[in-house]
Number of protein chains: 2
Amino acid sequence: MKKLINDPKNVVAEALEGVALAHPGLLTVVADPAHIVRADAPVQGKVGLVSGGGSGHEPLHGGFVGYGMLDAAVPGPVFTSPTPDPIVAATKAVDGGKGVLHIVKNYTGDVLNFETAADLALAEGIEVRAVVVDDDVAVKDSLYTAGRRGVAGTVLIEKIAGAAAQRGDDLDAVTAIAEKVNGQVRSMGVALTAPTVPHAGEPSFDIGDDEIEIGIGIHGEPGRQRVGLEPADQIVDRILHPILEDLPFASGDKVLLFVNGMGGTPLIELYIAFRRAAQVLAEQGIEVSRTLVGNYVTSLEMQGFSVTVLKLDDELTELWDAPVQTAALRWGR
Amino acid sequence: MKKLINDPKNVVAEALEGVALAHPGLLTVVADPAHIVRADAPVQGKVGLVSGGGSGHEPLHGGFVGYGMLDAAVPGPVFTSPTPDPIVAATKAVDGGKGVLHIVKNYTGDVLNFETAADLALAEGIEVRAVVVDDDVAVKDSLYTAGRRGVAGTVLIEKIAGAAAQRGDDLDAVTAIAEKVNGQVRSMGVALTAPTVPHAGEPSFDIGDDEIEIGIGIHGEPGRQRVGLEPADQIVDRILHPILEDLPFASGDKVLLFVNGMGGTPLIELYIAFRRAAQVLAEQGIEVSRTLVGNYVTSLEMQGFSVTVLKLDDELTELWDAPVQTAALRWGR
């Protein structure tokens, strides 16, 4: 295992120390129970947004804490759900009197622990809602979850719901926006290599030098099929068509096209994939009106990528364009 | 060779098509001779800034084209200098009547081709200056160059000189700011793995599963020494001390600390490295007043990182903080 780490046991804690040192004016990092909150939390009179899940997907979620996006992130151990305790602590830390929305990727552990945390927060008088993200069209039921998995679409939900909360929407309205985005976003991913979880010390799965996994999950969970290495355009086509058929997206739709790197794939390759995805959408009469390209939801050092397509309308576009100031996504301030 | 590409011959051209499709309002991409310019170029009455070099270091340089930073970027083939022709084209495209500054990383081919291009542009009536970036303290004279190499400090020079040009400084002043930053910035890198140039098809160098290269160049050029894999903190110490001794940085200095990923190292590991670097600076009484963490100057999919330290003063800090709007670096607008 070749990693830039000290001790596998300390990876998350030391990375969080680095996050705190790198973004002092933006974030406050609490070591125990581990959570990251906006430096100005709680924002009185604003709905609080909390997300979280296993670590190893950076910048998700801590990189999206700040003005116009998340109020807090709860990082579990690598690829392992955080327990209810830090989720409750984060929920309390960001409660500005208007309630808190939990944005939860659909993995069994995450869903259970966020539910338990919501019950505990409610017992302390905080109203909590949850949206469960399940944008991955690759498989239904998987190693880690029942139903579809939540993957890169989570970033779009966090941004858009975050903008709704920032403009002053109440808990019902922010929840409805998050649910709407989840209903209109679809993703699918591909792995070229396997990630290595630090405390495991070995790759999460075996994959040949000439093989790729179509429909990979963000923890290395199996996808739809294992095929031989192909040209990038064919790989993009393999995952883009199931995405488009699923909603379905149709000619005349305006969309946000997001090509996400899984951690080990360089940006030059992500742009090659973006090119093909944009070409296919254009051929189908789908207008790409907003874009995002880069490493936003990763699987440690795994080489691979995912494509996410979100159907936009005027409101979602306006919320996407609204100012955001986080470590990993920033514009307008 | 496991890459998300179509044909090794088309990697740069197809990635540029992707860049054009991903950032239509921000950039204009000219396919032949290949260069990327601000969508609103030339900006009349503003000094133009042009950088460039071999591809494979994305987002450098195309990701830094836009308001407050570069006016144009000239991408050569992977790890190969662009010829004078596209550099001349870019220089002409961004000339707003106040002259053009070339920001050139110190590699023999880049320096020669930018010099030739400057002569050709001058013959067409455009005044051109150049700053040659040589921030890498690892080695003096190397595979690709005489003198020190230009590496991740280039991003800081492009940002700060770009802000000076944007506020209306004349060519002398912008050049002086760029030279000043180059004089106060120092970097050094480490590789855990080797990159594979697409048209070569094989890793650029051999490195054992338990070895790392201290002082690596951004094209896989040899560094100072090959050592066994060590804890992250020791690796950071190995490169940070030569950086600090070189300027030298001293107690009481304010600095920008930049931990740069080489492409294949995940963000969670970069934050662990940042943590150690920030700790060492604090111990030495050096104040980290600005920070940058992420993949900004890469070597394809190479696993590794570099540390860059820039001594700040009030003017450089103000220019760093000034609004910037590019694909890879954005704040304030």
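Owing to the predicted nature of the structure, the values given are computational and were not obtained by experimental measurement.

K.L.:
Hey, could you run me through the overall build of chain A in this one?
P.N.:
Each helix and strand in chain A was counted, giving eight helices and 14 strands. In terms of overall dimensions, chain A is globule-like: its C-alpha atoms have a radius of gyration of 19 Å, near the 20 Å expected for 333 residues. Considered along the principal axes of its C-alpha atoms, chain A spans approximately 55 × 50 × 35 Å. Across the 333 residues in chain A, those meeting the buried criterion constitute 64%. Contacts spanning at least 24 positions in sequence make up 74% of the contacts within chain A whose residues lie at least 6 apart. Positive and negative side-chain charges of chain A, numbering 26 and 45 respectively, have mean locations separated by a distance of 4 Å.

K.L.:
Help me understand the domain arrangement of chain A in this model?
P.N.:
Accessible area lost upon the coming together of the parts serves often as the stated size of an interface. Residues and elements named next belong to chain A. Partitioning chain A into domains gives domain 1 (8–184) and domain 2 (185–321). Taking only C-alpha atoms, the centre of domain 1 and the centre of domain 2 are 22 Å apart. With 39 residues of domain 1 at the interface, the matching set in domain 2 holds 43 residues. Summing both partners gives a buried area of about 3400 Å² for domain 1 against domain 2, and 65% of it is carried by carbon and sulfur. Across the domain 1-domain 2 interface, the total number found is four salt bridges. In this structure, E315 engages R167 in a salt bridge whose closest nitrogen and oxygen atoms are separated by 2.8 Å.

K.L.:
Would you take a moment to explain empty space enclosed by the protein for this structure?
P.N.:
Rolled over the atoms, a probe with the dimensions of a water molecule shows which regions are left empty. A full pass over the atoms with the stated rule returns three cavities of 30 Å³ or more. Lining the largest cavity are 22 residues, and of these L16, V19, I36, E58 and G62 of chain B lie nearest its centre. Put simply, the parts of the chain that give the lining of the largest cavity at least two residues each are α7 (267–283) of chain A together with α1 (11–22), β3 (48–55) and β4 (72–78) of chain B. Among the elements that make up the lining of the largest cavity, the one with the highest residue count is α1 of chain B (four residues). Residues that form the lining of the largest cavity fall into these classes: 14 nonpolar, seven polar and one charged.

K.L.:
Looking at this structure, how should I read the packing of aromatic side chains?
P.N.:
The description of two aromatic rings rests on the distance between their centres and on the angle between their planes. Residue and element names in this part refer to chain A. Under the definition given, this model contains six aromatic pairs over all chains. Aromatic pair F258 and Y296: ring centres 5.8 Å apart, planes at 65°, arrangement edge-to-face. Placement of the pair is F258 in strand β10 (residues 254–261) and Y296 in the loop between β11 (287–294) and β12 (304–311), with a sequence separation of 38 residues. As far as the burial class goes, F258 and Y296 line up, both buried. By way of ring pairs, the aromatic residues F64, F258 and Y296 are connected into one cluster. The side chain of R333 reaches across the aromatic face of Y67, ending 3.7 Å from its centre.

K.L.:
Would you mind showing me how to read the side chain of S81 of chain B here?
P.N.:
All names here are of chain B. Along the chain, S81 turns up in the loop between β4 and α2 (84–94). S81 sits in the buried class, given a relative accessible area of 16%. A polar contact is formed between the side chain of S81 and the backbone oxygen of G109, at a distance of 3.4 Å. One polar contact links S81 to N113, side chain to side chain, over a distance of 3.2 Å.

K.L.:
I keep staring at helix α7 (residues 267–283) of chain B and nothing clicks. Help me out?
P.N.:
Every α-helical turn comprises 3.6 residues, leaving residues that sit three or four positions apart pointing alike. All names here are of chain B. Across its 17 residues, α7 extends 24 Å between first and last C-alpha, which sits within 8% of the 24 Å expected from 1.5 Å per residue. Of all 17 residues in α7, 14 are buried; the element is thus mostly enclosed. One or two positions beyond α7, positive phi appears at G285, with a value near 75°.

K.L.:
Explain the environment of I272 of chain B here, please?
P.N.:
Tracing the chain through its elements places I272 of chain B in helix α7. Its relative accessible area of 0% is what places I272 of chain B among the buried residues. A sequence separation of 13 residues divides I272 of chain B from V259 of chain B, and the C-alpha atoms of the two residues are 10.0 Å apart. Not counting chain neighbours up to four residues away, the residues in contact with I272 of chain B comprise L4, I5, N6, V11, E14 and A15 of chain A together with A232 of chain B.

K.L.:
I tried to follow the nonpolar core on my own but got confused; where do I start?
P.N.:
Among soluble globular proteins, nonpolar side chains are generally buried collectively. F305, V307 and V309 of chain A together with L49 of chain B are the most contacted members of the largest nonpolar core, which totals 103 residues. Residue contributions to this core peak at eleven residues, all from α7 of chain A. Membership of the second largest hydrophobic core comes to 95 residues, among which are V11, A22, F79 and V133 of chain A.

K.L.:
What should I look at first to understand the relation of the copies chain A and chain B in this one?
P.N.:
Each copy of the chain is related to the other by a rotation around an axis and a translation along that axis. Superposing chain A onto chain B requires a rotation of 180° together with a translation of 0.0 Å along the rotation axis, leaving an RMSD of 0.0 Å. Taken together, the rotation angle and the small translation identify this as a two-fold axis. Residues of chain A ranked by C-alpha distance from the rotation axis are headed by G264 of chain A, positioned 2.1 Å from it. The fraction of interface residues of chain A whose copies in chain B are also interface residues reaches 100%, indicating that both copies meet through the same surface.

K.L.:
I keep staring at the interface of chain A and chain B and nothing clicks. Help me out?
P.N.:
Each partner contributes residues to the interface: chain A has 56 residues there, and chain B has 57 residues. Between chain A and chain B, the buried area comes to about 4700 Å², and carbon and sulfur atoms account for 65% of it. Together, K2, L4 and I268 of chain A form the three largest contributors to the area buried by chain A at its contact with chain B, with a combined 20%. At the junction of chain A with chain B, the criterion picks out six salt bridges. Measuring nitrogen to oxygen at the nearest pair gives 3.6 Å for the salt bridge that ties E14 of chain B to R275 of chain A. In this assembly, chain A and chain B are joined by 22 residue pairs in polar contact (both at pLDDT 80 or more). Put simply, the parts of the chain that give the side of chain A that touches chain B at least two residues each are α1 (11–22), β8 (211–214), α6 (232–246), α7, β11 and β14 (330–331) of chain A.

K.L.:
What should I look at first to understand the packing of α2 of chain B against helix α3 (residues 108–123) of chain B in this one?
P.N.:
To characterise two packed helices, one gives the angle between the axes of the helices and the distance between these axes. Residues and elements named next belong to chain B. The interhelical angle for the contact between α2 and α3, taken along N-to-C directions, is 50°, at an axis separation of 8 Å. In terms of orientation, α2 and α3 fall into the oblique class. Handedness of the α2/α3 crossing: right-handed. Of the residues in α3, those in contact with P84, I87, V88 and T91 of α2 are N113, F114, T116, A117, L120 and A121. Of the residues belonging to the contact of α2 with α3, the class tally is seven nonpolar, three polar and no charged.

K.L.:
Where do I start with the sheet that holds strand β6 (residues 128–133) of chain B in this structure?
P.N.:
Sheet strands line up and pair through hydrogen bonds in the backbone, either parallel or antiparallel. All names here are of chain B. Sheet architecture is open: six strands sit in the order β1-β2-β4-β3-β5-β6, paired in mixed fashion. The open sheet is flanked by β1 (27–30) and β6, the only strands paired with a single partner. Adjacent strand axes in the sheet meet at a mean angle of 20°, parallel and antiparallel pairs treated alike. Relative to β6, strand β5 (residues 100–105) runs parallel, the two sharing six bridges. Looking at the pairing, I103 lines up with V131 of β6. Along the sheet, helix α4 (residues 153–166) makes contact with β2 (35–38), β3, β5 and β6, crossing β3 at roughly 160°.

K.L.:
Got a minute to help me understand unusual backbone geometry in this structure?
P.N.:
In most cases, non-glycine residues show a negative phi, while peptide bonds are predominantly trans. Residue and element names in this part refer to chain A. Across the junction of D32 and P33, the peptide omega takes the value -5°, indicating a cis bond. Among the secondary structure elements, P33 is positioned in the loop between β1 (27–30) and β2 (35–38). A cis geometry characterises the amide bond from A41 onward to P42, with omega recorded as -5°. Within the secondary structure, P42 is located in the loop between β2 and β3 (48–55). Even without being a glycine, F79 presents a positive backbone phi close to 55°. Note on placement: F79 falls in the loop between β4 (72–78) and α2 (84–94).

Calculation notes
- Residues numbered from 1 in each chain as written.
- Chains lettered and ligands numbered in written order.
- Predicted model: local features only at pLDDT ≥ 70, side-chain atom pairs only at ≥ 80, totals over all residues.
- Heavy atoms only, no water.
- Helix = DSSP H or I, 4+ residues; strand = E, 2+ residues; numbered from the N terminus.
- Rg over C-alpha atoms; globule rule 2.2 N^0.38 Å.
- Buried < 20%, exposed > 50% of the residue type's maximum accessible area, 1.4 Å probe, protein only.
- Contact = heavy atoms within 4.5 Å.
- Lys, Arg positive; Asp, Glu negative; His and termini not counted.
- Charge placed at Lys NZ, Arg CZ, Asp CG, Glu CD.
- Domains from an automatic or database assignment.
- Buried area = accessible area lost by both parts, 1.4 Å probe.
- Salt bridge = Lys/Arg side-chain N within 4 Å of Asp/Glu carboxyl O.
- 1 Å grid on protein atoms, 1.4 Å probe; cavity = no way out; pocket = protein on both sides within 12 Å on 5 of 7 lines; lining within 4 Å.
- Points joined across faces, edges and corners; volume = space filled by probe spheres on them.
- Nonpolar A, V, L, I, M, F, W, Y, C, P; charged D, E, K, R; others polar.
- Phe/Tyr/Trp six-rings, centres within 6.5 Å; stacked < 30°, edge-to-face > 60°.
- Lys NZ or Arg CZ within 6 Å of the ring centre and 35° of its normal.
- Polar contact = N/O pair within 3.5 Å; in protein donor to acceptor, adjacent residues only side chain to side chain.
- Expected span 1.5 Å × (residues − 1).
- Core = buried A, V, L, I, M, F, W, Y, C linked by side-chain atoms within 4.5 Å.
- Least-squares fit on C-alpha atoms with pLDDT ≥ 70 in both.
- Axes fitted to C-alpha atoms, helices over the stretch in contact; angles between N-to-C directions.
- Parallel < 35°, antiparallel > 145°, perpendicular 65-115°, else oblique.
- Left-handed = near helix turned anticlockwise from the far one by under 90°.
- Pairing = 2+ DSSP bridges.

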